[in-house]
Amino acid sequence: MPTKPESVTGNDTVIDVRDLSVHFGLRGSTLARLFGRDAGTVKAVDGVDLALRRGEVVGLVGESGSGKSTLGRALLGLVPITSGNVVFEGRDVGRMGRRELREVRSDIAMVFQDPNAALNPAMTVEVAVGDALRVQGVTSETERRERVVDALERVGLSPVELFLAKYPRDLSGGQKQRVVMARAIINSPTVLVADEPISMLDMSVRAKILQLMLDLKRDLDLSYVYITHDLASAKFFCDRIAIMYLGRIVEIGDTEEIFAHPRHPYTRALLKAIPDPDPARSVPRDLPRGEIPDAASPPLGCAFHPRCPVATATCGWESRDLRSLLEEHWTRRDAETYERERALVGDLDHLDTPATTARIGSGPPDQVRALLERIRAENPDEPLWQGVSEITEDGSGVVVRFHEGEDPDLRPAGGAEVACVLYGDDQG
Amino acid sequence: MRGVLKLLAKPFTDTVGLARWMLVIGVVITAAFIVCAVFAPWLAPYGFAQSAVDGTRFPKAGAPSGEHWFGTDRLFFDVLSRVIWGARTAIEVVILSILFCVVIGVPLGLVSGYFGGWPDRILVLVMDAIFAFPSFLLAIVFSFLLTGLFGGSVLAVALSLTAIYIPQYFRVVRNTTVSAKEATYVEAARAIGASDGVIMRRYLFGNVVQSVPVLATLNAADAILTLAGLGFLGLGIQSTDAAEWGHDLNRALADAGAGIWWTGLYPGLAIVLLVTGLTLVGEGLNETLNPTLRRRRLLPVVMPARESTTEEAR
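Note that this is a predicted model, so its numbers are computed, not measured.

Undergrad: Could you clarify how one ought to interpret the overall build of chain A in this entry?
TA: When helices and strands are tallied, chain A shows 15 helices and 15 strands. Dimensions of chain A along its principal axes, counting C-alpha atoms only, are 85 × 60 × 45 Å. When each of the 428 residues of chain A is scored for burial, the buried share is 49%. Here the analysis covers contacts within chain A between residues at least 6 apart in sequence; of these, 65% occur between residues at least 24 apart. When the accessible surface of chain A is split by element, carbon and sulfur atoms take 49% of a total near 19,900 Å². Between the mean site of the 52 positive side-chain charges and the mean site of the 67 negative ones, chain A shows a separation of 4 Å.

Next comes the structure, spelled out in structure tokens:
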């Protein structure tokens with residue numbers, strides 16, 4: 001297993017991302033659009049700061065839907081930037097014209113997740129790799145061929161003559177990914193954005209491709225933005241790691257620091273989720289419960305609080321959490337009890353509008369309150385109950401009030417920066 | 001050279017059973033008509049508007065004989081010659097109209113599908129409107145307008161056929177473009193700095209035109225019928241401009257009651273045969289190229305006999 005090269009500690013920033021937001025408008029129904037009703041936006045990237053230094057490998061790690069790929073695409077200007085800046089060598093990518101963007105795209109290259117889809121099925125390897133030169137204005141066919149041969153050799157596809165005339169369908173997954181790499185490096189870029197470059201490959205090929213990326217970094221003086229959901233490969237590959245959750249960076253720091261002292265509960269959960277080759281260890285890891293929330297209406301307060309095992313009173317508890325608590329409770333009940341309790345609680349759909357007060361019940365208020373007390377007694381450790389400030393009886397139901405939540409910013413904590421209420425400015 | 005031949009023979013070698021024979025029969029019939037069209041001046045005994053040879057008039061509506069194999073009609077024209085020359089007219093019109101359809105419809109669909117937005121919506125609406133009309137009615141209207149413009153020429157008829165077939169090409173190309181432009185390789189092309197024009201030309205075009213050949217052959221059959229229909233109604237090409245089967249049929253209508261069967265039979269037979277041939281080619285190609293219909297020919301694998309065992313057996 002090759003080892004990670006020593007971190008380069010130059011302070012010279014290549015890409016500076018400042019307070020970047022990328023929001024996508026949702027397409028509502030035709031009728032809604034006709035009346036100008038807004039279908040809402042998905043905040044794919046929401047206020048991210050990130051600096052990539054020369055010769056550095058920064059990992060963006062997160063689950064599907066955390067916005068890591070969108071952030072990577074924004075670096076090349078492939079997605080429209082809503083606000084903030086992506087500054088590459090002193091110029092703002094978001095405000096570039098067509099020609100400038102084309103130039104930038106020869107300096108920042110991208111490798112995609114699925115090598116099977118990233119190559120045009122109608123182009124041979126030579127044409128596909130050479131096209132990166134052609135669009136950058138290299139018109140001489142002989143020069144293109146020379147450089148294509150050189151690039152293919154660099155990515156380890158030799159004998160080159162064997163590959164030049166092949167179509168993507170004739171190549172294996174690893175070979176295709178090498179062709180994609182060759183296309184990415186042929187314009188001698190300074191930054192390579194690698195979007196899960198090994199996740200679609202066979203296990204046996206992954207290490208080789210990662211090693212190739214390290215070799216290319218050494219030979220061509222590249223900086224990497226390495227996007228992945230696989231912390232194990234990030235540990236091997238990255239100098240710094242940024243953990244993303246729902247469009248934000250929740251923790252960022254040197255790889256050693258993140259792995260030795262994970263601070264954010266989400267980081268801890270991700271670390272626990274790394275498969276362990278020890279067969280003696282069984283599976284009871286407390287993985288984050290549930291799924292990543294809907295990015296179109298993220299939770300109030302800290303976006304991670306509904307899944308957080310150590311959430312506090314001020315994490316932003318709200319009506320939707322109450323609904324999932326009740327529904328989860330019912331999964332453990334028989335049908336009869338469910339029908340009875342359901343009738344008592346009444347319709348829950350109005351809880352979907354996020355609010356810090358929730359009114360439930362369509363029966364005697366004391367019975368509704370008793371039901372909630374019963375659920376609480378079953379699992380008193382459930383973090384939601386810390387967030388409840390009071391339960392008052394009101395007509396034919398109860399009103400549950402929650403503490404006002406706090407949306408934590410990234411704050412320095414120890415050797416890293418963490419966005420969590422547990423880590424204030426003064427704490428380590 | 002061998003590679004080209006192999007590629008051309010691919011639909012044949014790849015298919016089996018019905019699809020293969022449809023393709024073969026279709027190609028043979030169509031090829032026969034194309035030969036007639038190309039070599040009409042040498043194959044046809046007389047000109048299409050020739051009513052006399054060496055000063056002697058042909059018989060009026062003469063029955064088939066040694067001199068006039070398919071007989072002559074009331075205008076003293078030789079029916080065999082007109083059938084052969086008619087193949088030339090038909091093929092000319094079909095090729096021209098398909099050419100226009102491809103040259104206009106494919107780029108239009110590509111651009112419209114790629115950029116989307118309101119121009120795309122308007123184009124789709126217009127094309128759907130054309131598509132919704134009874135196509136023959138539309139062809140009549142267009143040939144009416146266009147014959148005023150170009151005269152009763154091949155070009156005018158070809159253009160009116162183009163107008164009714166273009167929505168099909170537009171839709172097929174536009175819809176495949178809409179799905180193909182979401183592919184990763186298109187984003188990869190953008191990531192290396194390719195402009196929209198480059199993406200459309202070098203990345204999308206080759207991947208969206210694949211169903212156009214099948215569409216073109218199937219449309220060709222339909223176009224022959226529409227052309228004949230227009231000729232039958234007296235719109236389009238006149239007898240003295242070119243030989244046209246539909247128009248000849250129209251004139252043969254009066255003959256049928258008088259027991260003159262040859263003026264109607266042969267042009268009609270020609271229409272039926274060519275339409276059948278083209279349809280067979282189209283359907284055969286469809287079965288070959290369309291992966292949901294295709295049945296691949298399985299080549300039997302013959303293992304060489306194991307030498308040691310055979311020797312032992314001896």
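Undergrad: What should I look at first to understand the state of the cysteines in this one?
TA: Covalent bonding between the sulfur atoms of two cysteines is what defines a disulfide. Residues and elements named next belong to chain A. As enumerated under the stated definition, the model contains 0 disulfides over all chains in all. Cys315 carries a free sulfur, and the closest cysteine sulfur to it, the one in Cys302, is 5.8 Å from it. According to the relative accessible area criterion, Cys315 is buried, its value standing at 6%.

Undergrad: Could you clarify how one ought to interpret the packing of helix H5 (residues 79-115) of chain B against helix H8 (residues 154-180) of chain B in this entry?
TA: When two helices pack together, their arrangement is given by the angle between their axes and by how far apart the axes lie. Residues and elements named next belong to chain B. Between H5 and H8, the least distance of the axes is 6 Å, while the angle of their chain directions is 35°. The crossing of H5 and H8 is right-handed. Classifying every residue of the contact of H5 with H8 gives 23 nonpolar, 8 polar and 2 charged.

Undergrad: Can you walk me through the sheet that holds strand S11 (residues 357-360) of chain A in this structure?
TA: Note on sheets: strands pair through backbone hydrogen bonds, and any given pair is parallel or antiparallel. Residue and element names in this part refer to chain A. Spatial strand order, S11-S13-S12: 3 strands in an open sheet with antiparallel pairing. Strands at the two margins of the open sheet, each flanked by one partner only, are S11 and strand S12 (388-394). Strand-to-strand twist across the sheet, computed as the mean angle between neighbouring axes with direction ignored, equals 20°. Pairing between S11 and strand S13 (residues 397-402): 4 bridges, direction antiparallel. Each residue of the ladder has a partner; that of Ile360, found in S13, is Val398. On the sheet, helix H12 (residues 319-331) packs against S11 and S13 and is oriented at approximately 40° with respect to S11.

Undergrad: How should the interface of chain A and chain B be read in this particular structure?
TA: Taken together, the 23 residues of chain A in the interface contact 14 residues of chain B. Taken over both partners, the interface formed by chain A and chain B buries close to 1,700 Å², and the fraction arising from carbon and sulfur atoms is 55%. For the pair chain A and chain B, the number of links is 2 salt bridges. Where Glu187(B) meets Arg73(A), a salt bridge forms, and the shortest distance between an N and an O atom there is 2.7 Å. The interface formed by chain A and chain B holds 9 residue pairs in polar contact (both at pLDDT 80 or more) in total. Elements supplying a minimum of two residues to the side of chain A that touches chain B: helix H3 (98-107), strand S6 (108-111) and helix H4 (125-134) of chain A. Broken down by element, the residue count for the side of chain A that touches chain B peaks at 3 residues, all from H4(A). By residue class, the composition of the side of chain A that touches chain B is 13 nonpolar, 2 polar and 8 charged.

Undergrad: Quick question: what am I supposed to make of a negative patch on the surface here?
TA: Residues and elements named next belong to chain A. Side chains of Glu146, Asp150, Glu153 and Glu161 sit close together on the surface and give a patch of like negative charge. In terms of residues, the negative patch owes the most to one element, helix H5 (residues 141-154), which gives 3 residues. Locating Glu161 in the fold gives a position in helix H6 (residues 160-164).

Undergrad: Sorry if this is basic, but what is going on with the pattern of salt bridges here?
TA: Pairs can form between side chains of opposite charge whenever their charged atoms are close. Residues and elements named next belong to chain A. Per the counting criterion, the structure on display carries 36 salt bridges over all chains. Note that Glu341 and Arg374 form a salt bridge whose closest N and O atoms lie 3.4 Å from each other. Of this pair, Glu341 sits in helix H13 (residues 335-345) while Arg374 sits in helix H14 (residues 365-378), placing them 33 residues apart in sequence. Residue Glu341 is classed as buried on the basis of its relative accessible area of 4%.

Undergrad: Explain the packing of aromatic side chains to me, please; I cannot follow it from the model alone.
TA: Given two aromatic rings, one states the distance between the centres and the angle between the planes to describe the pair. All chains considered together, the criterion is met by 14 aromatic pairs over all chains. On the numbers, 3.8 Å between centres and 5° between planes, the contact of Phe70(B) with Tyr266(B) is stacked. Within this pair, whereas Phe70(B) is found in the loop between strand S2 (56-57) and H5, its partner Tyr266(B) is found in helix H13 (residues 262-289), the two being separated by 196 residues in sequence. Using a relative accessible area of 21% as the deciding quantity, one classes Phe70(B) as partly exposed. Aromatic ring contacts, followed pair by pair, group Phe70(B), Trp261(B), Trp262(B) and Tyr266(B) into a single cluster. Over the face of the ring belonging to Phe163(A) we find Lys166(A), whose NZ or CZ atom lies 5.8 Å from the ring centre.

Undergrad: What exactly am I supposed to notice about the sheet that holds strand S7 (residues 191-195) of chain A here?
TA: All names here are of chain A. With mixed pairing, 8 strands are arranged side by side in an open sheet as S6-S7-S8-S3-S9-S10-S15-S14. A single partner strand is all that each edge strand has here, and the edge strands are S6 and strand S14 (411-413). For this sheet, the mean angle separating the axes of adjacent strands, direction not counted, is 20°. Pairing geometry for strand S3 (residues 57-61) and strand S9 (residues 240-245), over 4 bridges, is parallel. Within the sheet, the bridge partner assigned to Val61 lies in S9 and is Ile243. Its contacts with the sheet put helix H7 (residues 173-185) on S6 and S7, and the angle it makes with S6 is roughly 170°.

Undergrad: Just checking my understanding: could you explain the environment of Lys176(A) for this structure?
TA: Residues and elements named next belong to chain A. On the secondary structure map, Lys176 appears in helix H7. Residues Lys176 and Thr353 lie 177 residues apart in sequence; the distance between their C-alpha atoms is 47 Å. In this structure Lys176 touches Pro115, Asn116, Leu119, Pro168 and Leu171, once residues within four positions along its chain are discounted. Within the local environment of Lys176, its side chain forms a polar contact with the side chain of Asn116, the two groups lying 2.8 Å apart.

Undergrad: Where do I start with empty space enclosed by the protein in this structure?
TA: Which parts of space are left empty comes out when a probe the size of a water molecule is rolled across the atoms. On inspection of all chains with the given rule, the structure shows 1 cavity of 30 Å³ or more. Of the volumes computed, that of the largest cavity is approximately 80 Å³. Taken together, Arg105(A), Ser106(A), Ala109(A), Met110(A), Phe112(A), Ala132(A), Arg183(A), Ala184(A), Asn187(A), Ala188(B), Ala191(B) and Ile192(B) make up the lining of the largest cavity. If you list the elements that add at least two residues to the lining of the largest cavity, you get H3, S6 and H7 of chain A together with helix H9 (184-191) of chain B. Here the lining of the largest cavity is built from residues that sort into 8 nonpolar, 2 polar and 2 charged.

Undergrad: Help me out: how do you make sense of the UniProt feature "transmembrane region" (unreviewed entry) in chain B in this one?
TA: When the UniProt feature table is mapped onto this chain, "transmembrane region" (unreviewed entry) is found at residues 21-44, 93-115, 122-142, 148-166, 212-239 and 259-281 of chain B. Summarising residues 259-281 of chain B: 87% helix, 0% strand, and an end-to-end C-alpha distance of 36 Å.

Undergrad: Just checking my understanding: could you explain the side chain of His305(A) for this structure?
TA: Residues and elements named next belong to chain A. Relative to the helices and strands, His305 resides in the loop between helix H11 (265-272) and H12. At a separation of 3.2 Å, a polar atom in the side chain of His305 contacts the main-chain carbonyl oxygen of Leu300. Within the structure, His305 has its side chain in polar contact with the backbone oxygen of Gly316 (distance 3.1 Å). If we ignore the near neighbours within four places in the chain, the residues touching His305 are Pro299, Leu300, Ala311, Cys315, Gly316, Trp317, Glu318 and Asp321.

Rules and cut-offs
- Residues numbered from 1 in each chain as written.
- Chains lettered and ligands numbered in written order.
- Predicted model: local features only at pLDDT ≥ 70, side-chain atom pairs only at ≥ 80, totals over all residues.
- Heavy atoms only, no water.
- Helix = DSSP H or I, 4+ residues; strand = E, 2+ residues; numbered from the N terminus.
- Buried < 20%, exposed > 50% of the residue type's maximum accessible area, 1.4 Å probe, protein only.
- Contact = heavy atoms within 4.5 Å.
- Areas by Shrake-Rupley, 256 points an atom, 1.4 Å probe, with all protein chains shown as cover.
- Lys, Arg positive; Asp, Glu negative; His and termini not counted.
- Charge placed at Lys NZ, Arg CZ, Asp CG, Glu CD.
- Disulfide = S-S within 2.5 Å.
- Axes fitted to C-alpha atoms, helices over the stretch in contact; angles between N-to-C directions.
- Left-handed = near helix turned anticlockwise from the far one by under 90°.
- Nonpolar A, V, L, I, M, F, W, Y, C, P; charged D, E, K, R; others polar.
- Pairing = 2+ DSSP bridges.
- Buried area = accessible area lost by both parts, 1.4 Å probe.
- Salt bridge = Lys/Arg side-chain N within 4 Å of Asp/Glu carboxyl O.
- Polar contact = N/O pair within 3.5 Å; in protein donor to acceptor, adjacent residues only side chain to side chain.
- Patch = residues over 30% accessible without salt bridge, like charges linked within 9 Å, V, L, I, M, F, W, Y side chains within 5 Å.
- Phe/Tyr/Trp six-rings, centres within 6.5 Å; stacked < 30°, edge-to-face > 60°.
- Lys NZ or Arg CZ within 6 Å of the ring centre and 35° of its normal.
- 1 Å grid on protein atoms, 1.4 Å probe; cavity = no way out; pocket = protein on both sides within 12 Å on 5 of 7 lines; lining within 4 Å.
- Points joined across faces, edges and corners; volume = space filled by probe spheres on them.
- UniProt positions renumbered as here; feature names shortened; annotations may be inferred.

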